[in-house]
Amino acid sequence: MFVLPLSNGENFRFNPDPAAAVVIATTALPFMSALIFLVSARAVGKQGAASTAAGVVIGMNVLANIVPAYQFLGALLPWQLLAVIPAIVGADIAIHRTGPRAGMIVAGALIGVTFHIFNFPMLPMAFAELLGQPNETIGDILPSIYATLSQVTAVTAAPSVLAGIVGAIMGSKKIEVPQVNVAISR
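Residues numbered from 1 in each chain as written. Predicted model: local features only at pLDDT ≥ 70, side-chain atom pairs only at ≥ 80, totals over all residues. Heavy atoms only, no water.

Novice: Whenever I open this one, the overall build of the protein chain confuses me. Can you help?
Specialist: Helix and strand counts for the protein chain come out as eight helices and zero strands. A total of 186 residues make up the protein chain; the buried ones form 40% of that total. Within the protein chain, contacts between residues at least 6 apart in sequence are counted, and of these 69% link residues at least 24 apart. By element, 68% of the accessible surface of the protein chain is carried by carbon and sulfur atoms, the whole surface being about 10,400 Å². (Helix = DSSP H or I, 4+ residues; strand = E, 2+ residues; numbered from the N terminus. Buried < 20%, exposed > 50% of the residue type's maximum accessible area, 1.4 Å probe, protein only. Contact = heavy atoms within 4.5 Å. Areas by Shrake-Rupley, 256 points an atom, 1.4 Å probe, with all protein chains shown as cover.)

This is the structure we're talking about:
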């Protein structure tokens with residue numbers, strides 16, 4: 001929420017410079033998304049745990065942001081799900097079926113590169129001013145979002161992949177799956 005140009009209120013003015021908002025969004029969101037994904041995958045230790053956690057987040061996003069604005073965003077829901085679900089499932093599989101280091105890197109890259117779609121529809125508001133788009137309501141910026149989505153994705157792909165990989169590596173260093181030794185006595 002810090003990077004959105006919505007917090008220019010009576011008592012608080014958190015709106016960052018538009019260029020700073022884009023830099024923060026392009027690095028912090030993929031970093032945190034990958035970190036949380038890796039922590040959930042490692043904390044439970046079973047394949048599907050991170051996908052389930054990501055599914056809950058997607059469900060909350062759909063119910064909180066897309067369903068209320070369905071007249072504007074309804075057509076995007078299938079595309080959002082088709083873009084982000086394979087990345088999430090692929091990241092979960094990579095963590096559990098490849099070597100630990102390679103799985104981490106692949107998972108971080110996949111989660112990092114999907115940050116734009118994962119944080120839709122609010123995130124494009126951070127890019128709107130820098131791209132010269134109207135930025136009053138989501139209905140105002142949607143037409144220009146469609147036109148610039150591929151451009152924004154191309155420009156943010158490399159930094160978001162890198163931030164996702166760093167987040168995944170940090171997540172793997174902070175959480176280790178607990179080893180339980182159970183002694184059975186008879």
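Having seen it, we continue.
Novice: What's the story with the packing of helix α1 (residues 18-44) against helix α5 (residues 100-113) in this structure? I'm lost.
Specialist: Relative placement of two packed helices is described by the angle separating their axes and the distance separating the axes. At a closest axis distance of 8 Å, the pairing of α1 and α5 adopts a crossing angle of 135 degrees. What the angle tells us is that α1 and α5 run oblique. When the axes of α1 and α5 are compared, the crossing they make is right-handed. In this structure, α1 uses P30, S33, A34, F37 and L38 to contact α5, whose residues at the interface are M104, G108, I111 and G112. (Axes fitted to C-alpha atoms, helices over the stretch in contact; angles between N-to-C directions. Parallel < 35°, antiparallel > 145°, perpendicular 65-115°, else oblique. Left-handed = near helix turned anticlockwise from the far one by under 90°.)

Novice: Mind showing me how you'd approach α1 here?
Specialist: For the α-helix, the turn length of 3.6 residues means that residues three or four positions removed from each other point alike. Here α1 spans 38 Å end to end across 27 residues, near enough to the 39 Å set by a 1.5 Å rise per residue. The axis of α1 is deflected most strongly, by about 25 degrees, at A25. Immediately downstream of α1, the backbone of G45 shows phi near 80 degrees, a positive value. (Expected span 1.5 Å × (residues − 1). Bend = angle between axes of the 7 residues up to and from the residue.)

Novice: How do you make sense of α5 when you look at a structure like this?
Specialist: With 14 residues, α5 extends 20 Å between its outermost C-alpha atoms, agreeing within 8% with the 20 Å of an ideal straight helix rising 1.5 Å per residue. Among the residues making up α5, those that are buried are G103, M104, A107, G108, A109, I111 and G112.

Novice: Please explain a nonpolar patch on the surface as it appears in this structure.
Specialist: A surface patch of nonpolar side chains, about 260 Å² in accessible area, is lined by V56, V57 and M60. By relative accessible area, which is 38% here, V57 ends up partly exposed. (Patch = residues over 30% accessible without salt bridge, like charges linked within 9 Å, V, L, I, M, F, W, Y side chains within 5 Å. Salt bridge = Lys/Arg side-chain N within 4 Å of Asp/Glu carboxyl O.)

Novice: Mind showing me how you'd approach the UniProt feature "transmembrane region" (unreviewed entry) in the protein chain here?
Specialist: Following the UniProt record, one finds the feature "transmembrane region" (unreviewed entry) at residues 20-41, 48-70, 76-95, 102-125 and 145-169. Secondary structure over residues 20-41 splits into 100% helix and 0% strand, and the C-alpha atoms at its two ends are 31 Å apart. (UniProt positions renumbered as here; feature names shortened; annotations may be inferred.)

Novice: How do you make sense of the side chain of T156 when you look at a structure like this?
Specialist: Tracing the sequence through the fold places T156 in helix α8 (residues 138-174). Every residue in contact with T156, bar those within four places of it in the chain, is listed here: T26, F115 and F127.

Novice: Can you walk me through the environment of L81 in this structure?
Specialist: Looking at the element boundaries, L81 is found in helix α4 (residues 76-97). By relative accessible area, L81 is classed as partly exposed at 28%. The residues contacting L81, other than those within four sequence positions of it, are I58 and P86.

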